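Observations on chain architecture
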Amino acid sequence: MNNNVALVLQALLAIALGSGGVIAVFYGLNILVEKALPQRAKLRVLPWIYVGPSMLLLGGYLVIPTIRTFYLSFFNGNSTEFVGLKNYLFALTAPDMLITFRNNILWLVLVTGLSVGLGLVIAVLIDRVKYEPFAKSLIFLPMAISFVGASVIWRFIYAYRPLGSEQIGLLNAIVVALGFEPVGWLVNRGINNFALIVIMIWLQTGFCMVLLSSAVKGVPDDVIEAARVDGASELQIFRRITVPMIMPTVTVVATTVVVLVLKVFDIVFVMTGGNLNTDVIASRMIKEMFNFRNFGRGSAIAVILLIAVIPVMVANIRRFRQQELNR
Amino acid sequence: MSTVTFEKVTKQYENGYVAVKDLNIQLEDKEFLVLVGPSGCGKTTSLRMLAGLEDISSGSIYIDGQRVNNVTPKDRDIAMVFQSYALYPHMSVAENMGFSLDLKGTPKAEIKQRVRAAAQQLGIEELLDRKPKQLSGGQRQRVALGRAIVRSPAVFLMDEPLSNLDAKLRTQARAELSQLHKKIGTTFVYVTHDQAEAMTMGTRIAVMNKGILQQIDTPQNVYDHPNNIFVAGFLGSPSMNFFEAQLSEQEGALLLKTNGGLTVPIPANRLERYREFSGKPVVFGIRPEGIYHPQYVPPGIDPVAVQATAKVVELMGYEVIVYFTLADGTEFIARLDPRAKITPGEVLALQFDLTRFHLFDKASEQVI
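Residues numbered from 1 in each chain as written. Chains lettered and ligands numbered in written order. Predicted model: local features only at pLDDT ≥ 70, side-chain atom pairs only at ≥ 80, totals over all residues.

**Observations concerning the overall build of chain B**
Our working definition: Think of it this way: any DSSP run of H or I at least four residues long counts as a helix, any run of E at least two long counts as a strand, and we number them from the N terminus. Any residue with 12 or fewer other C-beta atoms within 10 Å of its own C-beta is exposed, any with 20 or more is buried, and the rest are partly exposed; the C-beta atoms used are placed from the backbone. Here, residues touch in the contact sense if the C-beta positions derived from the backbone fall within 7 Å of one another.
On a plain count of helices and strands, chain B comes out with nine helices and 20 strands. The principal-axis extents of the C-alpha atoms in chain B amount to approximately 80 × 45 × 40 Å. Counting all 368 residues of chain B, 39% fall into the buried class. Summarising the internal contacts of chain B: among those between residues at least 6 apart in sequence, 66% fall at separations of at least 24.

**Regarding the overall build of chain A**
Test applied: C-alpha atoms define the radius of gyration in this analysis, and the globule rule sets the expected value at 2.2 Å times the number of residues to the power 0.38.
Looking only at helices and strands, chain A features 14 helices and zero strands. Taken from the N to the C terminus, the helices and strands of chain A come in the order α-α-α-α-α-α-α-α-α-α-α-α-α-α. Here chain A has a C-alpha radius of gyration of 25 Å; the compact-globule value for 327 residues is 20 Å, and the former is much larger. For chain A, the C-alpha atoms occupy an extent of roughly 80 × 65 × 55 Å along the three principal directions. Going through the 327 residues of chain A one by one, you find that 28% of them count as buried.

**As for the interface of chain A and chain B**
For clarity, the cut-off: Asp, Glu, Lys and Arg are counted as charged, while Ala, Val, Leu, Ile, Met, Phe, Trp, Tyr, Cys and Pro are counted as nonpolar; the rest, among them Gly, fall into the polar class.
Tallying the contact residues gives 14 residues for chain A and 17 residues for chain B. Listing elements by their share of the side of chain A that touches chain B, those giving two or more residues are helix H9 (221-230) and helix H10 (234-245) of chain A. At seven residues, the largest contribution of residues to the side of chain A that touches chain B is made by H9 of chain A. Looking at the side of chain A that touches chain B, its residues break down into eight nonpolar, two polar and four charged.

**Topic: the domain arrangement of chain A**
To keep it simple, the criterion reads: Where each domain begins and ends follows an automated or database-derived domain assignment.
When cut into domains, chain A gives domain 1 (2-72) and domain 2 (86-147 + 206-326). Using C-alpha coordinates to define each centre, domain 1 of chain A is positioned 33 Å away from domain 2 of chain A.

**Details of the sheet that holds strand E12 (residues 253-258) of chain B**
Residues and elements named next belong to chain B. Filter applied, for reference: The rule for pairing is simple: two strands pair if DSSP sees at least two bridges between them. To get an axis, a line is fitted to the C-alpha atoms, and for a helix only the part in contact is used. The angle between two axes follows their N-to-C directions and goes from 0 to 180 degrees.
The sheet built from five strands is open, its strands ordered E13-E12-E11-E14-E20 with antiparallel pairing. Unpaired on one side and paired on the other, strand E13 (263-265) and strand E20 (357-361) mark the two borders of the sheet. Shown here is a sheet whose adjacent strand axes are inclined to one another by a mean of 35°, direction ignored. Relative to E20, strand E14 (residues 281-286) runs antiparallel, the two sharing five bridges. Paired with Val283 across the two strands is Phe360, which belongs to E20.

**Some remarks on the packing of helix H2 (residues 93-104) of chain B against helix H4 (residues 137-150) of chain B**
Residues and elements named next belong to chain B. Convention followed: The cut-offs work like this: below 35 degrees is roughly parallel, past 145 is roughly antiparallel, 65 to 115 is roughly perpendicular, and the gaps in between are oblique. Note on convention: the crossing is left-handed when the near helix lies turned anticlockwise from the far helix by less than a right angle, right-handed when the turn is clockwise.
One can describe the packing of H2 onto H4 by two numbers: an axis separation of 8 Å at closest approach and a directional angle of 30°. Our classification of the angle between H2 and H4 gives roughly parallel. The handedness of the crossing between H2 and H4 comes out as right-handed. Contacts from Val93, Asn96, Met97, Gly98, Ser100 and Leu101 of H2 reach H4 at Val143, Gly146, Arg147 and Val150.

**Topic: the sheet that holds strand E19 (residues 347-353) of chain B**
All names here are of chain B. With respect to topology, five strands assemble into an open sheet ordered E15-E19-E16-E17-E18, the strand pairing being antiparallel. Looking at which strands have only one partner, the edges of the open sheet turn out to be strand E15 (291-292) and strand E18 (331-336). Relative to E19, E15 runs antiparallel, the two sharing two bridges. Bridge pairing in E19 places Ile291 opposite Phe352.

**Describing the pairing of strand E6 (residues 78-81) of chain B**
Residue and element names in this part refer to chain B. A two-sided burial pattern is seen for E6, the buried positions comprising Ile78 and Met80 on one face and Ala79 and Val81 on the other. As defined by bridge partners, E6 adjoins strand E7 (residues 155-159) across four bridges and the pair is classed as parallel. Counterpart to Ile78 in the pairing with E7 is Val155.

**Things to note about H9 of chain A**
In terms of burial, H9 of chain A is a largely internal element, seven of the 10 residues being buried. Inspection of H9 of chain A places Val223, Glu225, Ala226, Ala227, Arg228, Val229 and Asp230 of chain A among the buried residues, and these make up the whole buried set. Its buried side turned inward, H9 of chain A meets H10 of chain A together with helix H1 (43-51), E6 and H2 of chain B.

**Remarks on the UniProt feature "domain: ABC transporter" (unreviewed entry) in chain B**
To keep it simple, the criterion reads: UniProt positions are given in the numbering used here, feature names are shortened, and annotations may be inferred rather than shown by experiment.
In the numbering used here, UniProt assigns the feature "domain: ABC transporter" (unreviewed entry) to residues 4-235 of chain B. Between the C-alpha atoms that bound residues 4-235 of chain B there is a distance of 25 Å. The span itself is 38% helix and 25% strand.

**A few points about the domain arrangement of chain B**
A common way to express how large an interface is: the accessible area buried when the components associate. Residue and element names in this part refer to chain B. When the domains of chain B are assigned, the result is domain 1 (4-234) and domain 2 (241-361). One C-alpha centre belongs to domain 1, the other to domain 2; they are set 39 Å apart. Between domain 1 and domain 2, the residue contacts involve four residues of the former and five residues of the latter.

**Description of helix H13 (residues 281-291) of chain A**
Residue and element names in this part refer to chain A. Within H13, eight of the 11 residues are buried, which leaves the element mostly enclosed by the surrounding structure. Considered for burial, the residues of H13 that qualify are Ile281, Ala282, Ser283, Arg284, Met285, Lys287, Glu288 and Met289. The positive-phi residue at the C-terminal boundary of H13 is Arg293, with phi of around 55°.

**Here we look at the nonpolar core**
Heads up, the condition is: The term nonpolar core refers to a set of buried Ala, Val, Leu, Ile, Met, Phe, Trp, Tyr and Cys residues connected through C-beta atoms within 7 Å.
One finds Leu157 and Val189 of chain B to be the most contacted residues of the largest nonpolar core, which totals 155 residues. The leading source of residues in this core is helix H8 (residues 192-218) of chain A, at 12 residues. Apart from the residues within four sequence positions on either side, Leu157 of chain B is in contact with Leu47, Leu50, Ala51, Ile78, Ala79, Met80 and Val189 of chain B.

**Some words on the environment of Pro219 of chain B**
Residues and elements named next belong to chain B. The residue Pro219 is located in helix H7 (residues 219-224) in this model. Looking at Pro219, the number of C-beta atoms within 10 Å reads 19, which means it is partly exposed. With 20 residues separating them in the primary sequence, Pro219 and Met199 have C-alpha atoms 5.3 Å apart. Sequence-distant contacts of Pro219, that is, excluding residues within four places in its chain, are made with Ala198, Met199, Gly202 and Ile205.

**Considering unusual backbone geometry**
Omega for the peptide link from Ser237 of chain B to Pro238 of chain B comes to -5°, which places this bond in the cis form. Tracing the backbone through its elements, the reader meets Pro238 of chain B in the loop between helix H8 (229-234) and strand E11 (241-250). Phi is positive for Arg293 of chain A, close to 55°, though the residue is something other than glycine. When you line up the elements, Arg293 of chain A lands in the loop between H13 and helix H14 (295-326). Even without being glycine, Glu160 of chain B reaches a positive phi, approximately 45°. Following the sequence through the fold, Glu160 of chain B ends up in the loop between E7 and helix H5 (167-184).

**Notes on the UniProt feature "transmembrane region" (unreviewed entry) in chain A**
Residue and element names in this part refer to chain A. According to UniProt, the "transmembrane region" (unreviewed entry) feature falls on residues 6-33, 45-64, 105-126, 138-157, 169-187, 194-216, 252-274 and 295-317. From the first C-alpha to the last, residues 45-64 spans 25 Å; its make-up is 100% helix and 0% strand. Annotation note: span residues 138-157, helix share 70%, strand share 0%, distance between end C-alpha atoms 19 Å.

**Quick look at the environment of Glu126 of chain B**
Residue and element names in this part refer to chain B. Looking at the element boundaries, Glu126 is found in the loop between helix H3 (108-122) and H4. A count of 9 C-beta atoms within 10 Å places Glu126 in the exposed class. Along the sequence, Glu126 and Gly59 sit 67 residues apart, while their C-alpha atoms lie 46 Å from each other.

Right, dumping it as structure tokens:
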């Protein structure tokens, strides 16, 4: 009991010190600049006072590690010997790695396609539901669950017991009740990847739906009614009016999901540990780096992942800028 | 050939609000009907029910004799121009105009030809490749019109299509719309709150208030013979002056005495009409243009002198609008000859034209 109180106090102290510290730093620096520097210099220095700390943090925790990862990817397992492109050769040709890439492509296509597609359809349909806020929160709810938490939930859904024993997994309970044999959802190599992908779709559809729903609401009623008078059926309105009009948002949502999928690791790690042909790039990277202690290979995979994300990010930023221009 | 009939049409919303009540209108082919009234009078709701965008609570709407209550908008053969124009922002002008034909499966070549013809008619050919965002307000309005024309619909519906234009453009567009109506010879139903649009464009106008049709007739008839106080006050700018009054009989003649001390002898030709209201409270109405400056009285009127004090004088150039008060403080407005030089505070013996006044029953607000 006493222990718990101490813990809570500690946490509160940490919050106070953390945010208080940040405020104190900014406040102190601001006063320093205001008092110590002449007017001209002040105007020039002041912005850096505010941008500086975050730039330092980003530099220290993002930029330098990236450069170092890139550097390490040309060395052997314990970073003692320069090996040139050997790690990249491994990453792009080893059979295990090829399966990893295949899986990632599966993830990308299915998760992005289905969560954006489903999100869009739900967004349009939910616009006409009476209890819209309730329905929306229900679909959005999984979004609040961490990947690990979701994985734990789904482990129960996918749980497998041999035929004859009590099925504690939801899916297998249904399958058996219908008179079929239980399925090893996470073991069967034909379906285990899809079983994992479903989890991600479950998590992301709500996110897509919420963003797309606000875009759908942004389509003026007049325009929809004009199309109706022009003779469009509801399906034609969806295809030829609504979707083209919210395309910018669809792109942003899709690229966001793509980036998220490229980074996916937790679900695979918790559910199968990447075994049975379920590895994806990120989980493979962790494995190489921390299980096999091969920093060279791990870094090379990390660099490949980074390069894969860049075009998506560029597209996203471009799109965003264009949207801002159109405002 | 396209007639439109509203038969006892009522619109009641789920929350109980009645937007339109028992509306009966019979529209002949090629008519230009203007639905006019203050905001919330039910004119737009009536139009939207005709378009099929709003359910009809009770009653029936017929287009060409066919009951359309349960016909979807796309099968009603109507075109509508929206107040906001409602152009499809992701389509070019040509695509906007051709969308309805495309949905019907019209061959591409025919669409192109019909779009071009409509664009020519409206003078927007050079805009066909642009997107709505690149157009000015006036151009957008034309495209919205073009989108409707291209279909050659049975009925043309317009919901305040000119209200987003500036004053000069609006006057111009008004004339163009009237011409367009003559040229394409289709039935038009036009909603506006602007009485100038109603007066100038409609072959008939329907004045609505609080969901109820007040009067439907040609613009001139509605202006000259308003059914009730609302219609009398709604049409005309500045609006008609009203004075609460009492009718009294004196040796066979009728005298009208307003609460403001104004006494008006009722002309002989109206005696029979008003006799039964003798002794009852009435409302005397006269339009600002029915009042004359003593120096500029035209021939052919039946003047009665009224003493009043000028308060505010608005010089319009082609006329003078003067706000007067009677001895008891009752205010009224007169539209006078611009040559009359009036200074605020001046007391004048104005001439009221007794060939053009209106009398309403105070209780029912109906004309007598």
